[in-house]
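Structural overview
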Amino acid sequence: MNENKVAKYCRGVSAIILLGSIILLFPQIRQMIVSFCEQYILHRELQNHAKWMRFLLFLAGAGIVVAVALSVFTVKNYFLSDRSRRLLMYTSAAVLFLCLLIFLPFIRAAIISFAERFIAGRIIDEPGWDYQLVKLACFGTFLSILALFYALYEVSKKVPEKKTFYCSVIQFFLIGLFTFLTSILVFTNNAIWLDEAYCLAPIRHSIIDIISFQRTDTNPPLYNIMIKVWSLFFGQNVYAIKLFSIIPTVLTMLLVSSFLQKNVSERSAVLFLLCFLASDTIYHYSIEIKGYSWVFFYVTASAVSLWYILTTEKNKWFIFFLLFAECAAYTHFYAAAYIAIEYVLALVYVIYSKDRNKIFKFLLIIPCAVILFIPWLPVVLNGISNTNTIDLFWWIPNLTYPILQSYFSELFRTYNKVTTGFFVFMFEVAIGYFFIKSHRSKNEIFSFACLFSLLFFVIAALILAPIKKIPLIPRYMFPAYGLCLLFFAIEFESIERVKVLKTVCTILIAFCFLTFPEFYRSEAQEAREFNKFFNYMAEKDSPDDIFIRTNQDNISGWHHTNIINYFYPNRVFANTGTGLLGLEREVITYDDLFNNSKYTNRGAWIIIPGESVMDDSELESSVEFCGVYSVSHNTLTLYHAKRASDAKNLISLVDKSVNR
């Protein structure tokens, strides 16, 4: 069978898949399929129809992507004329523009309102439809990107001098799209969790107070100082601070895409950027109020600086490397460790090449780095000396191979186990391809050295774990994720077969379609649950009320207490222990609560970790059950006592249930 016949059959298959996928988009068809399976195949009623309907919808979306990909790969001379190419480009651009409009909340609200008035004739489930509109917009966006990508690629083959221009257009578009989507995510969710509250609380104080507080905690202070300065210009609300976390991710995209286009190829730059849009992990840390997105930038930028140090004679790159290394060390210790490994590998290379001038400059970096870090060095040494005598934290497991495997799965997370596994598989293919090649370019060797910085760190942690407590959790590996993506982009770009590169790009674009709507749904759901609690408190709370935390040993209670403390500063908290956010709260004991007249007659909110609804007959008449809420994925049961002294019986009931 010749190539034309294979292409013909593939086009027929893609047409059938496309038709079937479009049919599956109709909910009535999906319901008929589920009913048919129940009656004639399984002979029983399926549980959770909604789950099966979503699964069929997922198949429809995947089928459309596969059909389009098959069509693109098999149609010979697909762009028969400039006119057909322009028509495809203009149509894709129009679809893309409409889809980007749908991402805007007020546009979706207008569409839902129109559907209620003129189509449905009734009030519809707004959160569900809002999510479906986002999925539709995401699907249309990435389908149009797919069409534009291949249209521009075809143009670059016909007009080689425009190749760099069109690749630059694609790169800036992908960077702009990522910035746009993450900004939407920022304004979707105002919920925070324990560590974010921990970072936010100090910004109400002076920079001197922040440094003093961080000294007692041993964590470096740079990120807290940075968000303090940011808040002076843009305010202290959650949305403003979350926007600050997007900046370093976008800077990384700009820096690395420019670096790859100049020194490797335009295709590797596009691959690198597509990984950002496909990765749930990057979305997550790009909007989290933590320093991880910044150390992600520092570690990746330091690797780029080392490349220019090794390939050019410009001294400015030594300064840039030292700057990024110090910023990383003053933000997160593990980021500094990754950069130190990068430095050692580069130093070995320079010594091997016998470049005396660069050897001297490389060795000069060490005393400069130590001198600049001296102000915080005693704090670090004190923390290291105490790691074997203190309980580090409940969430630090012993390092084993399954845990290590889960860490890398976490890095390549796409909010779907199947696609996450495939993402990890492609990464493993890139590693395997590097080792089986007989000849490796200097770009590939550099990219593997980047990857080895992370691998060496993890291997060293595994070896040292039985000897010394090593706190290593998935998010501590995120600073080096940019190095993994550098290796991924450069290695796949080196594959000479163009169809392989097209396939990888298509898969990544499909991952983008799957990842963003699921992440948006999760963020919107968390925001609804979070605001349900705080909206209730806004109606019922009195400034004199006391917050009481029960069940001291429950970690979930830490989250509740410290998040609430951030939103209600300068309030009295009973029996919360010492704490992470002890900068601005008055902490009292149960003895004070029940015996001190200053507190006994004040209203009190009783926070019970988990779902713990007590029998009304066991409670005082002045104690009211206020509901079960979810605050940043941690459930709490809320009661209110008109007088704090009346909460004594409820607290004793909670203690008994816990001890039982």
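Residues numbered from 1 in each chain as written. Predicted model: local features only at pLDDT ≥ 70, side-chain atom pairs only at ≥ 80, totals over all residues. Heavy atoms only, no water.

Let us now look at the packing of helix α16 (residues 333-353) against helix α17 (residues 356-373). Packing of α16 against α17 brings their axes to within 9 Å, and their N-to-C directions diverge by 160°. Relative to α17, α16 is oriented roughly antiparallel. Regarding α16 and α17, the two cross each other, and that crossing is left-handed. The residues of α17 that touch α16, namely those facing Phe333, Tyr343, Ala346, Leu347, Val350 and Ile351, are Lys358, Ile359, Phe362, Leu363, Ile365, Ile366 and Phe373. Here the residues of the contact of α16 with α17 sort into 12 nonpolar, no polar and 1 charged. (Axes fitted to C-alpha atoms, helices over the stretch in contact; angles between N-to-C directions. Helix = DSSP H or I, 4+ residues; strand = E, 2+ residues; numbered from the N terminus. Parallel < 35°, antiparallel > 145°, perpendicular 65-115°, else oblique. Left-handed = near helix turned anticlockwise from the far one by under 90°. Contact = heavy atoms within 4.5 Å. Nonpolar A, V, L, I, M, F, W, Y, C, P; charged D, E, K, R; others polar.)

Let's shift gears to the nonpolar core. Core analysis: the biggest nonpolar cluster contains 164 residues, and Phe423, Tyr481, Leu508 and Leu638 have the highest contact counts within it. In terms of residues, this core owes the most to one element, helix α24 (residues 498-540), which gives 20 residues. Beyond its immediate chain neighbours, meaning those up to four positions away, phenylalanine 423 contacts Cys275, Ala278, Phe412, Thr414, Tyr481, Phe488, Leu508 and Phe511. (Core = buried A, V, L, I, M, F, W, Y, C linked by side-chain atoms within 4.5 Å. Buried < 20%, exposed > 50% of the residue type's maximum accessible area, 1.4 Å probe, protein only.)

The subject of this paragraph is a nonpolar patch on the surface. A cluster of nonpolar side chains, contributed by Leu363, Ile366, Val370, Ile371, Ile374, Leu377 and Leu381, occupies part of the molecular surface with about 610 Å² of accessible area. If you list the elements that add at least two residues to the nonpolar patch, you get α17 and α18 (377-386). It is α17 that contributes the most residues to the nonpolar patch, 4 residues altogether. Looking at the element boundaries, leucine 381 is found in helix α18. (Patch = residues over 30% accessible without salt bridge, like charges linked within 9 Å, V, L, I, M, F, W, Y side chains within 5 Å. Areas by Shrake-Rupley, 256 points an atom, 1.4 Å probe, with all protein chains shown as cover. Salt bridge = Lys/Arg side-chain N within 4 Å of Asp/Glu carboxyl O.)

On to the confidence of the model for the chain, then. Fine structural detail should not be taken from predicted coordinates in areas where pLDDT scores are low. For the chain, mean pLDDT is 79; residues scoring 70 or higher make up 81% of the total. Scored below 50 in pLDDT, residues 388-396 shows 15 contacts in the model against residues more than four places distant or in partner chains. Here residues 578-582 is modelled with pLDDT under 50, and outside its nearest four sequence neighbours on either side it reaches 12 contacts, counting other chains as well. (pLDDT = per-residue confidence, 0-100.)

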